[in-house]
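Residue strings, one per chain:
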Amino acid sequence: MSRLVAKGLTRRAGGRAIVDGVSLELVEGEFLALVGPNGSGKSTLISMLAGLKRPHAGDVRLGGARLDKTPRRDVARAIAVVEQQAETGERLTAREVVALGRTPHLGALSPWGEEDEAAVEAALAAVDMLRFADRDWHSLSGGERQRLHIARALAQEPGIVILDEPTNHLDIEHQLAILALVKARRMTVLAALHDLNHAALFADRIAVMDQGRLVALGRPGEVLTPERIATTFKVAAMIETAADGGCHIRFMPLPHGSQPPSRLPERHDKPRVINLLHGRV
Ligand SMILES: Nc1ncnc2c1ncn2[C@@H]1O[C@H](COP(=O)(O)OP(=O)(O)OP(=O)(O)O)[C@@H](O)[C@H]1O
Ligand SMILES: [Mg+2]
């Protein structure tokens, strides 16, 4: 149940396609990073992949079955989602928020037990939140809340975890720790990230969204080229490749006076970029 396949996903709002014909397969066990500028459709795509929003065209299949025909409980056992604006309405303690992750595993024949207790404790420990366990959720800082919502997803023990900007409120220690943590688990991970260096460091593959379309999908080194970064993100990039095959990207504004390249350049229309590797400007 940890194979998620999307075909031709389209969703419209405000008279335009905000996600436009996106086909994507999550390969079992991979870490797929979803990157793209603000408003490019990442959160909308994530909502459809998680079954929280219906596509206007196309479909999502989970383990071969249509997601919209799969019982909610089965979906919740297979997929955990941490949304960009994760909120908790009621007055709950930190531990109670994480315990919500166990809901899909509970039922008349399987009441709350030691296994659930252990999953909650382990999830709290994994995100370094054990010492906050009895605090009121509303008294926590933005980053602490974010770590807690990730703990809720971990306590759910899903095959697939979908995270929308999981690190945007976190200090650098916890940014790296959370990404390393989800990567180390035997889970399939889809994470929307703004930090392209984090995407390059942790992801097996990167999907690039631009104006609702999936414009690139592949290994970090294939996708994060100066040309792609200039076209989609409107900045110049210097890419330093490490001996181990990893890369580090340095960003700067496009050279003064240059126009950002058009979003869908002609083949001969190479954007102006600085590339340390090839020494050309
Ligand atoms: N109900 C709506 N009516 C009009 N436009 C909408 C509506 N809902 C979303 N949009 C637009 O759809 C686009 C895609 O939004 P989405 O939240 O998916 O982007 P995103 O890539 O997640 O951006 P960010 O990086 O800022 O989180 C945005 O331009 C947004 O303003
Ligand atoms: Mg978003």
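Residues numbered from 1 in each chain as written. Chains lettered and ligands numbered in written order. Predicted model: local features only at pLDDT ≥ 70, side-chain atom pairs only at ≥ 80, totals over all residues. Heavy atoms only, no water.

Per an unreviewed UniProt entry, the recorded name for the protein is ATP-binding cassette domain-containing protein, and the organism is Jiella pacifica. Its UniProt record gives the protein a comment under Sequence similarities (unreviewed entry), which states: "Belongs to the ABC transporter superfamily." (UniProt positions renumbered as here; feature names shortened; annotations may be inferred.)

Across its full length, the protein carries 9 helices and 12 strands. In terms of overall dimensions, the protein is globule-like: its C-alpha atoms have a radius of gyration of 20 Å, near the 19 Å expected for 281 residues. When its C-alpha atoms are laid out on the principal axes, the protein stretches across 65 × 40 × 35 Å. Among the 281 residues that make up the protein, the fraction classed as buried is 47%. Long-range contacts, defined here as pairs at least 24 residues apart, represent 63% of the contacts in the protein between residues at least 6 apart. Between the centroid of the 36 positive side chains of the protein and the centroid of its 34 negative side chains there is a distance of 7 Å. (Helix = DSSP H or I, 4+ residues; strand = E, 2+ residues; numbered from the N terminus. Rg over C-alpha atoms; globule rule 2.2 N^0.38 Å. Buried < 20%, exposed > 50% of the residue type's maximum accessible area, 1.4 Å probe, protein only. Contact = heavy atoms within 4.5 Å. Lys, Arg positive; Asp, Glu negative; His and termini not counted. Charge placed at Lys NZ, Arg CZ, Asp CG, Glu CD.)

This part covers the coordination of the magnesium ion (ligand 2). Protein-derived ligands of the magnesium ion (ligand 2) are Ser43 (OG) and Gln84 (OE1), with the metal-ligand distances lying across 2.0 to 2.3 Å. On the criterion of sequence distance, the pair formed by Ser43 in helix H1 (residues 42–49) and Gln84 in the loop between strand S6 (79–82) and helix H3 (94–99) is long-range, its members being 41 residues apart. (Donors = N, O, S within 2.8 Å, 3.2 Å for Na, K, Ca; no water.)

Here we come to the layout of surface pockets. The calculated volume of the largest pocket comes to roughly 420 Å³. Lining the largest pocket are 20 residues, with Leu52, Val81, Leu100, Arg152 and Gln156 positioned closest to its centre. At the level of secondary structure, the elements contributing two or more residues to the lining of the largest pocket comprise helix H2 (72–78), S6 and helix H5 (142–155). Considering each element in turn, the lining of the largest pocket owes the most residues, 4 residues, to S6. (1 Å grid on protein atoms, 1.4 Å probe; cavity = no way out; pocket = protein on both sides within 12 Å on 5 of 7 lines; lining within 4 Å. Points joined across faces, edges and corners; volume = space filled by probe spheres on them.)

Annotation from UniProt places "domain: ABC transporter" (unreviewed entry) at residues 4–236. In residues 4–236, the share of helix is 34% and the share of strand is 27%. The end C-alpha atoms are 34 Å apart.

We now examine H1. The element H1 is extensively covered by neighbouring structure, given that 7 of its 8 residues are classed as buried. Looking one or two places after H1, you find Gly51, whose phi comes out positive at around 80 degrees.

Angle between the axes and distance between the axes are the two parameters that describe a pair of packed helices. In contact at an axis separation of 8 Å, helix H4 (residues 114–126) and H5 are set at 140 degrees when each is read in the N-to-C sense. Judged by the angle between their axes, H4 and H5 are oblique. Crossing handedness for the pair H4 and H5: right-handed. Within the contact between the two elements, H4 uses Ala119, Ala123, Leu124 and Ala126 and H5 uses Leu148, Ala151, Leu154 and Ala155. (Axes fitted to C-alpha atoms, helices over the stretch in contact; angles between N-to-C directions. Parallel < 35°, antiparallel > 145°, perpendicular 65-115°, else oblique. Left-handed = near helix turned anticlockwise from the far one by under 90°.)

The strand order across the open sheet formed by 4 strands is S2-S1-S4-S5, and the pairing between neighbours is antiparallel. Edge positions in the sheet fall to strand S2 (16–26) and strand S5 (65–66), since each of these pairs with one other strand and no more. In this structure, strand S4 (residues 57–62) lies alongside S5, joined through 2 bridges in antiparallel fashion. Its bridge partner lying in S5, Leu62 is registered against Ala65. Packing against the sheet, H1 makes contact with strand S1 (4–13), S2 and S4, and its axis sits at approximately 125 degrees to S1. (Pairing = 2+ DSSP bridges.)

As a further point, take a nonpolar patch on the surface. On the surface, a cluster of nonpolar side chains totalling about 290 Å² of accessible area is made up of Ile172, Leu176 and Leu201. Inspection of the secondary structure assignment puts Ile172 in helix H6 (residues 172–184). (Patch = residues over 30% accessible without salt bridge, like charges linked within 9 Å, V, L, I, M, F, W, Y side chains within 5 Å. Areas by Shrake-Rupley, 256 points an atom, 1.4 Å probe, with all protein chains shown as cover. Salt bridge = Lys/Arg side-chain N within 4 Å of Asp/Glu carboxyl O.)

Further remarks concern the site of ligand 1. Taken together, 15 residues lie around ligand 1, and Arg16, Gly39, Lys42, Ser43 and Thr44 are the ones closest in. Interatomic distance of 2.9 Å between a side-chain N/O atom of Arg16 and an oxygen atom of ligand 1. Note that an oxygen atom of ligand 1 is positioned 3.4 Å from one of the side-chain N or O atoms of Glu165. If ligand 1 stood free it would expose 650 Å²; the protein chains cover 61% of that surface. Of all elements in the fold, only S2 and H1 reach the threshold of two or more residues within the shell around ligand 1. Element by element, the count of residues in the shell around ligand 1 is highest for H1, at 3 residues. Of the residues assigned to the shell around ligand 1, the class counts are 3 nonpolar, 9 polar and 3 charged. (Near = heavy atom within 4 Å. Polar contact = N/O pair within 3.5 Å; in protein donor to acceptor, adjacent residues only side chain to side chain. Nonpolar A, V, L, I, M, F, W, Y, C, P; charged D, E, K, R; others polar.)

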